[in-house]
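Chain and residue survey
Below, each chain spelled out in residue letters.
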Amino acid sequence: MNPSLKNPILFAIVFGMFVVTGIVNGPNVALGIFNMGLISAIMALGVNMQWGYAGLFNIGVMGFVALGGLGAVIVAMPPVGDAWAAGGGRMMLALAVGTATIVAAVLAWGRMVPGRTRGLIMTVLLIAGFFIFRWLFDPAVEAIEAVNPAGTGFLGGLGLPVILSWPVGALLAAGAAWLVGKTALGLRSDYLAIATLGIAEIILAVLKNEDWLSRGVKNVVGVPRPVPYEIDLQNSTEFVTRAASWGMDPVFASSITVKLAYAGLFGVVLLGLIWLSQMALNSPWGRMMRAIRDNEVASEAMGKDVTRRHLQIFILGSAVCGLAGAMMTTLDGQLTPGTYQPLRFTFLIWVMVIVGGSGNNWGAVLGGFLIWFLWVQVEPIGLWLINLITSGLADGSAIKAHLLNSAAHMRLLTMGVVLLLVLRFSPRGLIPEN
Amino acid sequence: MDFLNAIVAFSNFVLVPGIAYGAQLAIGALGVTLIYGILRFSNFAHGDTMAFGAMVTILVTWLMQSVGINFGPLPTALLALPFGIAATALLLLATDKVVYQFYRKQKAAPVILVIVSMGVMFIMNGLVRFVIGPNNQKFADGERFIIKARTFKEMTGLNEGLAFKTSQCITIVTAIVVVALLFWFLNRTRTGKSMRAFSDNEDLALLSGINPERVVMYTWMIVAALATIAGVLYGLDKSFKPFTYFLLLLPIFASAIVGGLGNPLGAIAGGFVIAFSEVTVTYAFKKVLGYLALAGWEPDTLVQLMSTDYKFAVSFAILIIVLLFKPTGLFSGKAI
């Protein structure tokens, strides 16, 4: 079929699925899935930049998404004055010493003549730096976490508008990507994959355990929102009368309004990103990226700096993932490090990109919406299916109870099957690269 | 006496757990490295293969326990192990037929196979959770300890006890047997030699009449055995939880890469390097140093370099350091 006809039809089908959900389960549910679909589409765009344009195998998406979430907390949460007074200065000093140690060691390694002296100096620098760091760091942590541990127990953020956190989240992720890329990008693709998998787990470990920074598994709740709260809308007489004039219940109207406002904000970001990615992909830069992906040796012979370009696109793609992470934390209104799982935040995004069509921005966006929709809806469908299959079994039989309990795990199975089917029968995805 | 106490405390908390964990990682890494050497891709489904093998073993163990079969002081799971291996081998062979064979025939790029293995990972993960659920399962029975900490103290009169768990002893013995068998197989038997030839130079191996499908079949069967054994040993030593097995992927790959991907000897060395680094860096040395230090110089902090939650950071750091300074791993990779 002609792509200019096929692609709009595919998008229309996915949109139709949301409309059907809106009719069957109510617009609230459909909009909820749609909003996360927007965020998933942005994550898929980020992964598509790395894999689709440049062939970089990054399976640390979860880490960059979580860093974006941390960005939202750091920017938007109000600062905790007591905690800053108790240990803020010492903490900043500790972090500065830690960074300085690493920078000094790297400089020593790079600048000095290779030999035994160099190794010795670097080791001494690292060990001494580590102990000074811990000497400054440990009391600071204790002091900060002692300040009202049940309520705050962390430094808080800067108290700025939460929208600002989106670029900040992107910057944090970009910084981490720079560090990973600098060390691991020269390596083979499998090694890069393992390295990114590792960095994602480390970032999560930091978020879970450094309570002074992110409250750890105690979660940061009540991240300020860029849109009004439902309860404020319901208390505003103006809104209630307007809702009544549309013939809507104010509670229902308020939740729809808030969700639509989010959808508007996210939609603007997504459209902007699609526009930028399309421009980039069709520019000389995009052609160069694809040339590098398809034949590294030839591009290098043409004078292209492959490692540098890889680093560039790795940072860009990770920054987009970080942006999506900050947006997701904004949407949820909370940062819950315990809920980040690689299957959900790394491999699912990969399924989106592969199914949608790697190398094609529209494909990634379509995949983001479609796979997210399936991920949410497979569970009720699976439950219904299992109910149907087990309807012949007697009530209270152990097998029936077990099957019904396990229905929730159908989604992993389904995603695996979808991924394998697409890879086998349509390896270039639903909307292939041009 | 203090010196002996320090040694015993060190053995109890670092040496023995480190050896057991290292053996588990080594067996896991052997599976990864075999697939890399012969099928030429990094198998991301390996952690979930281990989980599947352990799951079948657990189910058979429960069945045996319910009909009253047991293995005396040893865990019943050892009796159930062959069933686990057989089921895993069937699953892997079926996966190969349905999924991987197609891409092998097409000579697809290795990275495509890695993505395919991601799909397999999803399915296996879903399968395991579907059958046994996502929760912790305990299946160890029999005698828990060979030497209890208290018995050791009474025997030697030292302040520190040295506990030696049955699961640790089984892990170490099994690891030695498995590794010896594997190397005997690879170096002495006709099939093993053909596997090594295939890994060294595929075209030359094909030319000399080695049947590639046969080599692939044997590889999957050996990998099934290794994965199941590693999974069951880890489950006996710690506990079985599907998600933990997925996370084991990182230290296992780190072991295989640190040792040199494709090199079985390297996988074993890598397993112990990673395990000991993890245990040493995350252990609080207060007790050990307390015995060694002069009176009045005992440390007042825990002397723990990093908290236990950062053990991934350790595997990761070792991995990066080795790759930066020795890009093919400690032993040169890609040679069986």
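Since the structure is predicted, the reported quantities are computational estimates derived from the model, not experimental observations.

Turning our attention to the overall build of chain B. The helix and strand tally for chain B stands at 14 helices and 2 strands. Radius of gyration (C-alpha) of chain B: 21 Å, near the 20 Å computed for a compact globule of 336 residues. Considering only C-alpha atoms, chain B reaches an extent of 70 × 55 × 35 Å along its principal axes. Here chain B, with 336 residues, has 47% of them falling under the buried criterion.

Looking now at the interface of chain B and chain A. Each partner contributes residues to the interface: chain B has 34 residues there, and chain A has 34 residues. Of all the secondary structure elements, the ones that give two or more residues to the side of chain B that touches chain A are α3 (77-106), α4 (110-132), α11 (249-259) and α14 (311-325) of chain B. Residue contributions to the side of chain B that touches chain A peak at 14 residues, all from α4(B). Considering only residue class, the side of chain B that touches chain A consists of 25 nonpolar, 7 polar and 2 charged.

Where interface size is given, it is often the accessible area lost as the parts come together that is meant. Residues and elements named next belong to chain A. Along its sequence, chain A is carved into domain 1 (3-79 + 156-390 + 398-425) and domain 2 (80-155). Inter-centroid distance (C-alpha atoms) of domain 1 to domain 2 is 33 Å. Taken together, the contacts link 7 residues of domain 1 with 12 residues of domain 2. Classifying every residue of the side of domain 1 that touches domain 2 gives 3 nonpolar, 2 polar and 2 charged.

This paragraph deals with unusual backbone geometry. For R215(A), which is not a glycine, the phi torsion comes out positive at approximately 65°. Structurally, R215(A) can be placed in the loop between α8 (211-214) and β1 (220-221). You can call R215(A) buried: it has 26 C-beta atoms within 10 Å. Although it is not a glycine, K107(B) adopts a positive phi angle of roughly 55°. Summarising the element assignment, K107(B) is placed in the loop between α3 and α4. A count of 6 C-beta atoms within 10 Å places K107(B) in the exposed class.

Residues and elements named next belong to chain A. Running from N to C, helix α1 (residues 3-25) and helix α2 (residues 27-53) cross one another at 145°; their axes reach a closest spacing of 6 Å. For the pair formed by α1 and α2, the contact residues are F18, T21, G22 and N25 on the first element and P27, V29, A30, I33 and F34 on the second. Split by residue class, the contact of α1 with α2 holds 6 nonpolar, 3 polar and no charged.

In this section: the confidence of the model for chain B. Residues at a pLDDT of 70 or more form 97% of chain B, whose mean pLDDT is 88. Scoring the predicted complex yields pTM 0.91 and, for the interface, ipTM 0.89.

This part covers α4(B). Residues and elements named next belong to chain B. Its 23 residues place the ends of α4 32 Å apart at the C-alpha level, agreeing with the 33 Å of an ideal helix rising 1.5 Å per residue. Within α4, 18 of the 23 residues are buried, which leaves the element mostly enclosed by the surrounding structure. In the stretch just after α4, G133 is the one whose phi turns positive, near 85°.

Residues and elements named next belong to chain A. You can see A143 is positioned in helix α5 (residues 116-146). For the pair A143 and G153, spaced 10 residues apart in sequence, the C-alpha separation works out to 9.0 Å. Contact partners of A143, with chain neighbours within four places excluded, come to A86 and G87.

Reading guide: rules and limits
- Residues numbered from 1 in each chain as written.
- Chains lettered and ligands numbered in written order.
- Predicted model: local features only at pLDDT ≥ 70, side-chain atom pairs only at ≥ 80, totals over all residues.
- Helix = DSSP H or I, 4+ residues; strand = E, 2+ residues; numbered from the N terminus.
- Rg over C-alpha atoms; globule rule 2.2 N^0.38 Å.
- Buried ≥ 20, exposed ≤ 12 C-beta atoms within 10 Å, placed from the backbone.
- Contact = placed C-beta atoms within 7 Å.
- Nonpolar A, V, L, I, M, F, W, Y, C, P; charged D, E, K, R; others polar.
- Domains from an automatic or database assignment.
- Axes fitted to C-alpha atoms, helices over the stretch in contact; angles between N-to-C directions.
- pLDDT = per-residue confidence, 0-100.
- Expected span 1.5 Å × (residues − 1).

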